[in-house]
Amino acid sequence: MADLRVEIAGVSFKNPVIPASGAFGFGHEYEKLYPLSKLGGISVKGMTLNQKDGNPPPRIAETPMGMLNSVGLQNPGIDYFLEKELPYLAGKETRIIANVAGSTVEDCVTMVKKIEGSAVDMIELNISCPNVKQGGAAFGTSCESAAGITAAVRKATTKPLMVKLSPNVTDITAIAKAVESEGADAVSLINTLLGMRIDINSRRPVLKNNVGGMSGPAVFPIAVRMVWQVANAVQIPVVGMGGISSAEDAIEMMMAGASAVQVGAAIFTDPYAPVKIIDGISSWLDCKGIASVKDIVGTVQPW
Amino acid sequence: MSYQQGQFPVISKANLAKNIFDLTILCPEIAANTKPGQFVHIRVPGHILRRPISIAGFDAIKGTIRIIYEIRGEGTQILADLKAGDMIDILGPLGNGYILPERERRCVVVGGGIGVPPLLPVAEHFGANATAILGFRSAQAAILEKDFEKAGAKTILCTDDGTLGQKGFVTNALEQLLLSECPDCICACGPLVMLKKVAEIAAAHSIPCQVSLEERMACGVGACLGCAVQIRREGKEQYLHVCKDGPVFYSEEVVF
């Protein structure tokens, strides 16, 4: 049996597969199908300082081999998470990544201070949500603001800090280098790509928010390219995501330079996707006689 | 709430009306756990999102469920090609069904078009104490009238063009019925405009009313928060979710 363990920013994961933020809630819904302990970790639903209602419906649209969402960070707030969700999750023998998505720098700082001392294993600072008016991608689309919020949050927490990057930028490597220079321990990418669909009969956008974040297999090649570019530009670990729906996709993403992967939209198609991907990676490694999954990271040989 | 996902065989298929199909699927554990008003989330080959389809019948002894759906788009078009012997990928049963009082009570079910099927298990629960007001575009589009009669329900049919039953909307028939009868509850499923009117009529008569809502859905289990609907509960309006909090809500809570 191949060794599936990976380490990111000093945190050891039993395997490199993590359900992505927003696709897995706080885990309850999928624990009815399989034990959460099978997962390398869980990136929980993106949270804000205070409870947030989210955007008006419709929030979901299907696209060719993909989907749009404009949920808009509906969440119960960080205090609710720490009091009601975390104690339950902390006993599940998997790593807990708290996805923090404040609308101001101050909110993010307050949130990570609240998380300090909790059972959270890692913070994923979300500077890339395309569906909220304040904060979100506004932080992640310029080097200055990305560096500024990373520096402020870095000072406020001793937890390992991963910054989740937006693909809706001209040069994602510049943003990655900016957050690395301000003390990020890892980066995760890509968040969703901004998209839009229109109902031609009503001439109305399908989403009430008009635009939304695109995910699913259709975005996978873009994600692989961006992970490859970023992994070649920074020294810190990269967690790759965007359209991964099979073990082969996960292996490809790791060869591009990802030390671990997150799985999102694939869970909606097949709720067992994360578990099948873990098993598939293991079988593939055994078949190839590769001792450790770490041995495939960044091993693509570019022409 | 207990659900599962798996591949299950289609036992039989029927074509009930133009573009409306009726599948019976062998899935014993799902059948044993289903309540009236719940739904299944069906994977469509080549598509990312599953399609939520209400459960029109369940038989714990035979281990089967019945789903009835209309071709509305690409997904249901593909599902329309399924035939007996094919396997279908189902996640379910999902959602909360109708909260049904004991069968000795009197219930009126009000269904419009493809909203009719999930009301059949409700009518079966109440048997002769059920009245079914079922509305369709025309006689050609009518489905399940015999099934409701077989369940023992007094059945009132309405069509937009008058080719079957009364000419006019189910809501007119409901108002007419309530002039002489006072049921203990109303259960409705159909287009939003119909549900809104049913809710108003129920409120005017102080009859508890439950409506089954639809919204564009992704996960189906309450994780992604995609299928939001505005609900007035505990004194404030909030976004709850069709898949986990619904699909059935008390109509007085729904912000139409």
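We now turn to the structure provided with this report.

Quick word on the layout of surface pockets
Then step 1. Size it by volume and the second largest pocket reaches roughly 640 Å³.
Then step 2. Around the second largest pocket, the lining comprises 24 residues; the ones closest to its centre are Gln74, Asn75 and Pro76 of chain A together with Leu225 and His241 of chain B.
Then step 3. Contributions of two or more residues to the lining of the second largest pocket are made by α1 (28–31) and α2 (78–90) of chain A together with β14 (236–241) of chain B.
Then step 4. Per-element accounting of the lining of the second largest pocket gives the leading share, six residues, to β14 of chain B.
Then step 5. Looking at side-chain class alone, the lining of the second largest pocket contains seven nonpolar, eight polar and nine charged residues.

Focus: the sheet that holds strand β3 (residues 17–19) of chain A
Residues and elements named next belong to chain A.
Then step 1. Here we have eight strands laid out as an open sheet, ordered β3-β16-β15-β10-β9-β8-β7-β4, and parallel in their pairing. Since the sheet does not close on itself, it has two edges, and those belong to β3 and β4 (41–43), each with one partner. Between one strand and the next, the sheet's axes are offset by a mean angle of 25°, whatever the strand orientation.
Then step 2. In this structure, strand β8 (residues 122–126) lies alongside strand β9 (residues 161–164), joined through four bridges in parallel fashion. Paired with Leu125 across the two strands is Val163, which belongs to β9.

Quick word on the sheet that holds strand β15 (residues 248–250) of chain B
Residue and element names in this part refer to chain B.
Then step 1. Strand order in the open sheet made by the seven strands is β10-β9-β8-β7-β11-β12-β15, with mixed pairing throughout. Edge positions in the open sheet fall to β10 (166–167) and β15, since each of these has one partner strand only.
Then step 2. Pairing between strand β11 (residues 185–189) and strand β12 (residues 209–212): four bridges, direction parallel. Within β12, the position partnered with Ile186 by the bridge is Cys209.
Then step 3. Most of the contacts of helix α5 (residues 170–180) go to strand β8 (residues 130–136), to which it runs at about 150°, and overall it touches β7 (107–112), β8, β9 (154–159), β10 and β11.
Then step 4. Packing against the sheet, helix α6 (residues 192–204) makes contact with β7, β11 and β12, and its axis sits at approximately 170° to β11.

Regarding the interface of chain B and chain A
Then step 1. Listed per partner, the contact involves 27 residues of chain B and 31 residues of chain A.
Then step 2. Carbon and sulfur atoms supply 58% of the area that chain B and chain A bury against each other, a total of about 2,600 Å² over both sides.
Then step 3. Its largest share of buried area at the contact with chain A, chain B owes to Ile48, Arg216 and Tyr239 of chain B, together 28% of the area lost on that side.
Then step 4. At the junction of chain B with chain A, the criterion picks out two salt bridges.
Then step 5. The residue Glu62 of chain A makes a salt bridge to Arg51 of chain B at a minimum N-O spacing of 2.6 Å.
Then step 6. Viewed at the interface, chain A and chain B are joined by eleven residue pairs in polar contact (both at pLDDT 80 or more).
Then step 7. For the side of chain B that touches chain A, the secondary-structure elements that each account for two or more residues are β1 (4–17) and β14 of chain B.
Then step 8. Of the residues belonging to the side of chain B that touches chain A, the class tally is 14 nonpolar, seven polar and six charged.

Quick notes on helix α5 (residues 143–156) of chain A
All names here are of chain A.
Then step 1. Between its terminal C-alpha atoms α5 stretches 20 Å, which fits the 20 Å expected from 14 residues at 1.5 Å a residue.
Then step 2. Along α5, the positions that sit buried rather than exposed are Ala146, Ala147, Ile149, Thr150, Ala151, Val153, Arg154 and Ala156.
Then step 3. Buried-residue contacts for α5 involve α3 (105–115), β8, α4 (137–140), β9 and α6 (172–181).

Considering the pattern of salt bridges
Residue and element names in this part refer to chain B.
Then step 1. Summed over the entire model, instances satisfying the criterion amount to 21 salt bridges over all chains.
Then step 2. Glu70 serves as the salt-bridge partner of Arg72, at 3.6 Å between the closest nitrogen and oxygen.
Then step 3. The residue Asp184 makes a salt bridge to Arg105 at a minimum N-O spacing of 3.9 Å. Of this pair, Asp184 sits in the loop between α5 and β11 while Arg105 sits in the loop between β6 (87–94) and β7, placing them 79 residues apart in sequence.
Then step 4. On the basis of relative accessibility, which here comes to 28%, the residue Asp184 falls in the partly exposed class.
Then step 5. Relative accessible area serves as the criterion here: at 37%, Arg105 is assigned to the partly exposed category.

Overview of α6 of chain B
Residue and element names in this part refer to chain B.
Then step 1. Taking 1.5 Å as the rise per residue, α6 with 13 residues should run 18 Å; its terminal C-alpha atoms sit 18 Å apart, in good agreement.
Then step 2. Taken as a whole, α6 has its buried residues at Met194, Leu195, Val198, Ala199, Ile201 and Ala202. An end-on view of α6 places all buried positions within 165° of arc, on one side of the element. Of the residues in α6, the exposed ones pointing more than 90 degrees away from the buried face are Leu192, Val193, Ala203 and Ala204.
Then step 3. Next to the buried residues of α6 lie β7, α5, β11 and β12.
Then step 4. Of the residues trailing α6, Ser206 is marked for its positive phi of about 55°.

Focus on the packing of aromatic side chains
Then step 1. Scanning the model with the defined rule gives four aromatic pairs over all chains in all.
Then step 2. Geometrically, the ring pair formed by Phe24 of chain A and Tyr30 of chain A is stacked, given 4.8 Å between the ring centres and 10° between the ring planes.
Then step 3. Here Tyr30 of chain A falls in the buried class, since its relative accessible area comes to 1%.
Then step 4. Considering the side-chain rings of Tyr34 of chain A and Tyr272 of chain A, the 5.4 Å spacing of their centres and the 45° angle between planes classify their relative orientation as tilted. Placement of Tyr34 of chain A in the loop between α1 and β4 and of Tyr272 of chain A in the loop between α9 (266–269) and α10 (273–288) is noted, with a sequence separation of 238 residues between them.
Then step 5. Of the residues examined, Tyr272 of chain A reaches a relative accessible area of 21% and is grouped as partly exposed.
Then step 6. The ring of Tyr239 of chain B carries the charged tip of Arg59 of chain A above its face, separated from the ring centre by 4.9 Å.

Some points on the state of the cysteines
Residue and element names in this part refer to chain B.
Then step 1. This structure, assessed with the given rule, holds zero disulfides over all chains.
Then step 2. The thiol sulfur of Cys187 is not disulfide-bonded, and the nearest other cysteine sulfur, from Cys107, lies at 4.0 Å.
Then step 3. Left unpaired, Cys224 is separated from the closest cysteine sulfur, that of Cys219, by 3.8 Å.

About the cut-offs
- Residues numbered from 1 in each chain as written.
- Chains lettered and ligands numbered in written order.
- Predicted model: local features only at pLDDT ≥ 70, side-chain atom pairs only at ≥ 80, totals over all residues.
- Heavy atoms only, no water.
- 1 Å grid on protein atoms, 1.4 Å probe; cavity = no way out; pocket = protein on both sides within 12 Å on 5 of 7 lines; lining within 4 Å.
- Points joined across faces, edges and corners; volume = space filled by probe spheres on them.
- Helix = DSSP H or I, 4+ residues; strand = E, 2+ residues; numbered from the N terminus.
- Nonpolar A, V, L, I, M, F, W, Y, C, P; charged D, E, K, R; others polar.
- Pairing = 2+ DSSP bridges.
- Axes fitted to C-alpha atoms, helices over the stretch in contact; angles between N-to-C directions.
- Contact = heavy atoms within 4.5 Å.
- Buried area = accessible area lost by both parts, 1.4 Å probe.
- Salt bridge = Lys/Arg side-chain N within 4 Å of Asp/Glu carboxyl O.
- Polar contact = N/O pair within 3.5 Å; in protein donor to acceptor, adjacent residues only side chain to side chain.
- Expected span 1.5 Å × (residues − 1).
- Buried < 20%, exposed > 50% of the residue type's maximum accessible area, 1.4 Å probe, protein only.
- Arc of directions from axis to C-beta.
- Phe/Tyr/Trp six-rings, centres within 6.5 Å; stacked < 30°, edge-to-face > 60°.
- Lys NZ or Arg CZ within 6 Å of the ring centre and 35° of its normal.
- Disulfide = S-S within 2.5 Å.

Purely geometric stuff here, so don't read any function into it on its own.
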